[in-house]
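# Summary of structural features
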Amino acid sequence: MKTPFKSVPLKQFYRLINHGPCVVVTTASGKSKNAAPIAWAMPVNDEPPLAAISVADTHFTAELIKKSGEFAINVANEAILKEMLFCGSVSGRKTDKIKKSGLSVIKGKKIKVPVLKDCAGYLECRVIDSIEYGGVTVFVGKVLYAAAKRGAFDSCWVPEKAKTVHHIGGKFFAFTGSRFQSE
Ligand SMILES: Cc1cc2nc3c(=O)[nH]c(=O)nc-3n(C[C@H](O)[C@H](O)[C@H](O)COP(=O)(O)O)c2cc1C
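Only a predicted model underlies this, so the values are computations on that prediction, with no experimental measurement involved. (Residues numbered from 1 in each chain as written. Predicted model: local features only at pLDDT ≥ 70, side-chain atom pairs only at ≥ 80, totals over all residues.)

Pairing analysis gives five bridges linking strand β3 (residues 41–46) to strand β4 (residues 49–56), with the strands arranged antiparallel. In the strand pairing of β4, Asp 46 is matched with Pro 49. (Pairing = 2+ DSSP bridges. Helix = DSSP H or I, 4+ residues; strand = E, 2+ residues; numbered from the N terminus.)

The next point concerns the pairing of strand β9 (residues 136–148). Direction of pairing for β4 relative to β9: antiparallel, over a ladder of seven bridges. Among the inter-strand pairings, Ile 53 is bridged to a residue of β9, identified as Phe 139. Looking at chain direction, strand β8 (residues 121–133) and β9 are connected through twelve bridges and run antiparallel. The residue of β9 that forms the bridge with Glu 124 is Tyr 145.

Every one of the 19 residues lining the ligand counts as a neighbour, but Trp 40, His 59, Thr 61, Gly 88 and Gly 92 are closest to it. Elements that contribute at least two residues to the shell around the ligand include exactly β2 (32–38), β4 and α1 (60–68). No other element matches the four residues that β2 contributes to the shell around the ligand. Class assignment for the residues of the shell around the ligand results in eleven nonpolar, eight polar and no charged. (Near = placed C-beta within 6 Å. Nonpolar A, V, L, I, M, F, W, Y, C, P; charged D, E, K, R; others polar.)

Within the element layout of this structure, Ala 28 appears in strand β1 (residues 23–29). Assessed through the 23 C-beta atoms surrounding it within 10 Å, Ala 28 is described here as buried. Spatially, the C-alpha atom of Ala 28 lies 38 Å from that of Phe 180, the residues being 152 residues apart in sequence. If near-sequence neighbours (up to four positions away) are discounted, Ala 28 is found in contact with Lys 33, Leu 64, Ser 68, Lys 112, Val 113 and Pro 114. (Buried ≥ 20, exposed ≤ 12 C-beta atoms within 10 Å, placed from the backbone. Contact = placed C-beta atoms within 7 Å.)

Moving on to the sheet that holds β1. Strand order in the open sheet formed by seven strands is β2-β1-β5-β8-β9-β4-β3, with antiparallel pairing between adjacent strands. The open sheet terminates on both sides in strands that have one partner only, identified here as β2 and β3. Between one strand axis and the next, the sheet turns through 30° on average, direction left out of account. Sitting on the sheet, α1 touches β1, β2, β4, β5 (70–75), β8 and β9, and the angle it makes with β1 is about 50°. (Axes fitted to C-alpha atoms, helices over the stretch in contact; angles between N-to-C directions.)

One finds Val 23, Val 24, Val 25, Ala 72, Ile 73 and Ala 76 to be the most contacted residues of the largest nonpolar core, which totals 40 residues. Every element with two or more residues in this core is listed here: β1, β2, β4, α1, β5, α2 (81–87), β7 (115–116) and β8. (Core = buried A, V, L, I, M, F, W, Y, C linked by C-beta atoms within 7 Å.)

It is worth spelling out unusual backbone geometry at this point. For the bond from Glu 47 to Pro 48, the omega torsion is 5°, close enough to zero to count as cis. Mapped onto the elements, Pro 48 comes out in the loop between β3 and β4. Backbone geometry places Ser 155, a non-glycine residue, at a positive phi of 80°. Examined against the element boundaries, Ser 155 turns out to sit in the loop between β9 and α4 (159–162). Positive phi, close to 45°, is recorded for Lys 163, a residue that is not glycine. Tracing the chain through its elements places Lys 163 in the loop between α4 and β10 (165–169).

On their own, these measurements won't tell you what the molecule is for.
Laid out in C-alpha coordinates, this is it:
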(Lines give C-alpha, C1' and ligand atoms only; values in the text may rest on other atoms or scores of the structure.)
Protein backbone atom coordinates (compact mmCIF):
# COMPACT_ATOMS: atom_id res chain seq x y z
CA MET A 1 0.00 0.00 0.00
CA LYS A 2 1.26 3.45 -0.82
CA THR A 3 1.98 5.53 2.31
CA PRO A 4 2.41 9.30 2.37
CA PHE A 5 6.13 8.71 3.05
CA LYS A 6 9.11 8.11 0.81
CA SER A 7 12.00 6.22 2.40
CA VAL A 8 15.21 8.12 3.13
CA PRO A 9 18.54 6.28 2.78
CA LEU A 10 19.88 5.43 6.25
CA LYS A 11 23.06 7.25 5.29
CA GLN A 12 20.95 10.42 5.41
CA PHE A 13 18.80 9.61 8.46
CA TYR A 14 20.39 12.34 10.57
CA ARG A 15 19.25 15.02 8.15
CA LEU A 16 15.67 14.48 9.33
CA ILE A 17 16.50 15.56 12.86
CA ASN A 18 19.59 17.67 12.51
CA HIS A 19 18.50 21.02 11.19
CA GLY A 20 19.17 22.70 14.50
CA PRO A 21 21.78 25.44 14.32
CA CYS A 22 25.18 24.55 12.99
CA VAL A 23 27.73 25.48 15.64
CA VAL A 24 31.39 26.37 15.57
CA VAL A 25 33.25 24.57 18.33
CA THR A 26 36.21 26.52 19.64
CA THR A 27 38.98 24.77 21.56
CA ALA A 28 42.35 25.61 23.09
CA SER A 29 45.26 23.87 24.75
CA GLY A 30 48.70 25.31 25.45
CA LYS A 31 49.52 27.71 22.61
CA SER A 32 47.02 26.17 20.20
CA LYS A 33 43.52 27.44 19.64
CA ASN A 34 41.10 26.24 17.02
CA ALA A 35 37.62 26.51 15.51
CA ALA A 36 35.61 23.96 13.49
CA PRO A 37 31.96 23.75 12.40
CA ILE A 38 30.06 20.92 14.06
CA ALA A 39 26.52 20.19 12.88
CA TRP A 40 26.05 17.28 15.27
CA ALA A 41 25.41 19.11 18.52
CA MET A 42 22.55 18.74 20.96
CA PRO A 43 21.27 19.66 24.42
CA VAL A 44 21.31 16.67 26.82
CA ASN A 45 19.68 18.05 29.97
CA ASP A 46 18.62 21.38 31.45
CA GLU A 47 19.19 20.59 35.15
CA PRO A 48 22.13 20.12 35.36
CA PRO A 49 22.75 21.92 32.04
CA LEU A 50 24.48 19.49 29.66
CA ALA A 51 25.26 19.60 25.94
CA ALA A 52 26.93 17.10 23.61
CA ILE A 53 28.88 17.23 20.36
CA SER A 54 30.00 14.41 18.09
CA VAL A 55 33.51 14.94 16.75
CA ALA A 56 35.60 12.73 14.43
CA ASP A 57 38.69 11.42 16.22
CA THR A 58 40.92 12.59 13.38
CA HIS A 59 39.96 16.25 13.95
CA PHE A 60 42.34 18.58 15.79
CA THR A 61 39.23 19.68 17.71
CA ALA A 62 38.95 16.23 19.33
CA GLU A 63 42.64 16.27 20.26
CA LEU A 64 42.40 19.69 21.91
CA ILE A 65 39.23 18.78 23.82
CA LYS A 66 40.88 15.59 25.12
CA LYS A 67 43.89 17.65 26.27
CA SER A 68 42.06 20.57 27.90
CA GLY A 69 38.70 19.06 28.91
CA GLU A 70 36.96 22.20 27.66
CA PHE A 71 35.14 23.46 24.57
CA ALA A 72 32.83 26.28 23.57
CA ILE A 73 29.78 25.86 21.35
CA ASN A 74 29.33 29.03 19.27
CA VAL A 75 25.99 29.27 17.45
CA ALA A 76 26.72 30.15 13.83
CA ASN A 77 24.90 33.02 12.16
CA GLU A 78 24.94 34.88 8.87
CA ALA A 79 27.76 37.13 10.10
CA ILE A 80 30.26 34.26 10.37
CA LEU A 81 28.99 31.95 7.62
CA LYS A 82 31.96 32.45 5.29
CA GLU A 83 34.48 32.08 8.12
CA MET A 84 32.69 28.97 9.41
CA LEU A 85 32.94 27.31 5.99
CA PHE A 86 36.64 28.08 5.84
CA CYS A 87 37.12 26.51 9.30
CA GLY A 88 35.40 23.38 8.00
CA SER A 89 37.68 23.09 5.00
CA VAL A 90 41.10 22.70 6.64
CA SER A 91 42.52 21.21 9.83
CA GLY A 92 43.75 23.43 12.61
CA ARG A 93 46.79 21.18 12.94
CA LYS A 94 48.57 23.05 10.16
CA THR A 95 46.75 26.38 10.04
CA ASP A 96 45.79 28.91 12.67
CA LYS A 97 42.20 29.00 11.35
CA ILE A 98 41.01 31.68 13.74
CA LYS A 99 43.73 34.06 12.55
CA LYS A 100 43.48 33.13 8.87
CA SER A 101 39.68 33.34 8.73
CA GLY A 102 39.63 36.75 10.41
CA LEU A 103 37.25 35.54 13.14
CA SER A 104 37.31 37.84 16.19
CA VAL A 105 37.48 36.14 19.56
CA ILE A 106 36.86 37.24 23.12
CA LYS A 107 37.87 35.52 26.35
CA GLY A 108 35.61 32.87 27.82
CA LYS A 109 34.22 33.68 31.27
CA LYS A 110 34.56 30.24 32.86
CA ILE A 111 36.93 28.37 30.55
CA LYS A 112 40.28 29.11 28.91
CA VAL A 113 38.81 28.60 25.44
CA PRO A 114 38.07 31.77 23.42
CA VAL A 115 34.56 32.37 22.06
CA LEU A 116 33.53 33.99 18.78
CA LYS A 117 32.66 37.67 19.12
CA ASP A 118 30.32 37.76 16.12
CA CYS A 119 28.36 34.52 16.63
CA ALA A 120 24.69 34.54 17.72
CA GLY A 121 25.45 33.11 21.15
CA TYR A 122 27.64 30.60 22.88
CA LEU A 123 27.93 27.93 25.57
CA GLU A 124 31.07 27.39 27.65
CA CYS A 125 31.41 23.69 28.48
CA ARG A 126 33.60 21.45 30.65
CA VAL A 127 33.76 17.79 29.63
CA ILE A 128 32.10 15.44 32.12
CA ASP A 129 31.99 12.37 29.92
CA SER A 130 33.17 11.16 26.53
CA ILE A 131 31.97 8.13 24.66
CA GLU A 132 33.82 6.61 21.71
CA TYR A 133 31.92 5.10 18.79
CA GLY A 134 34.21 3.79 16.03
CA GLY A 135 35.86 6.94 14.75
CA VAL A 136 33.85 9.60 16.57
CA THR A 137 33.79 10.74 20.18
CA VAL A 138 30.68 12.20 21.75
CA PHE A 139 31.82 14.78 24.27
CA VAL A 140 29.25 15.59 26.92
CA GLY A 141 29.91 18.94 28.55
CA LYS A 142 28.50 20.66 31.59
CA VAL A 143 27.41 24.11 30.44
CA LEU A 144 29.12 26.55 32.82
CA TYR A 145 28.04 29.76 31.11
CA ALA A 146 25.70 30.70 28.26
CA ALA A 147 25.23 34.01 26.43
CA ALA A 148 23.29 35.30 23.42
CA LYS A 149 23.57 38.48 21.36
CA ARG A 150 21.53 41.35 22.80
CA GLY A 151 18.23 41.68 20.97
CA ALA A 152 18.55 38.25 19.36
CA PHE A 153 17.23 36.21 22.31
CA ASP A 154 14.34 36.97 24.67
CA SER A 155 13.85 33.61 26.45
CA CYS A 156 14.17 32.03 22.98
CA TRP A 157 15.74 33.07 19.67
CA VAL A 158 14.29 35.97 17.71
CA PRO A 159 15.04 34.39 14.32
CA GLU A 160 14.99 37.63 12.31
CA LYS A 161 17.69 39.07 14.58
CA ALA A 162 19.68 35.93 15.38
CA LYS A 163 19.95 34.78 11.73
CA THR A 164 21.24 31.37 12.86
CA VAL A 165 22.61 29.09 10.15
CA HIS A 166 21.25 25.55 9.88
CA HIS A 167 23.14 22.81 8.11
CA ILE A 168 20.63 20.62 6.32
CA GLY A 169 23.08 18.29 4.57
CA GLY A 170 25.99 18.31 2.13
CA LYS A 171 26.51 21.82 0.82
CA PHE A 172 23.00 22.96 1.82
CA PHE A 173 22.16 25.43 4.59
CA ALA A 174 19.02 27.27 5.65
CA PHE A 175 17.95 30.20 7.78
CA THR A 176 14.87 29.83 9.99
CA GLY A 177 11.55 31.50 9.19
CA SER A 178 9.67 33.79 11.58
CA ARG A 179 8.72 32.51 15.00
CA PHE A 180 5.17 31.87 16.24
CA GLN A 181 3.60 30.95 19.58
CA SER A 182 1.49 27.85 20.04
CA GLU A 183 -1.90 28.05 21.81
C1 LIG B 1 28.75 22.55 7.91
C2 LIG B 1 29.72 21.56 8.49
C3 LIG B 1 29.34 20.74 9.53
C4 LIG B 1 30.24 19.82 10.09
N5 LIG B 1 29.85 19.03 11.13
C6 LIG B 1 30.73 18.17 11.70
C7 LIG B 1 30.33 17.36 12.82
O8 LIG B 1 29.20 17.42 13.32
N9 LIG B 1 31.27 16.52 13.35
C10 LIG B 1 32.54 16.42 12.85
O11 LIG B 1 33.35 15.63 13.38
N12 LIG B 1 32.93 17.17 11.79
C13 LIG B 1 32.07 18.04 11.22
N14 LIG B 1 32.45 18.82 10.14
C15 LIG B 1 33.82 18.68 9.62
C16 LIG B 1 34.86 19.52 10.37
O17 LIG B 1 34.40 20.80 10.73
C18 LIG B 1 36.10 19.70 9.48
O19 LIG B 1 36.62 18.43 9.12
C20 LIG B 1 37.17 20.56 10.11
O21 LIG B 1 38.12 20.93 9.13
C22 LIG B 1 37.88 19.88 11.27
O23 LIG B 1 38.84 20.79 11.73
P24 LIG B 1 39.92 20.47 12.86
O25 LIG B 1 40.79 19.34 12.36
O26 LIG B 1 40.70 21.76 12.97
O27 LIG B 1 39.21 20.12 14.11
C28 LIG B 1 31.57 19.73 9.57
C29 LIG B 1 31.95 20.55 8.50
C30 LIG B 1 31.04 21.46 7.95
C31 LIG B 1 31.49 22.34 6.82
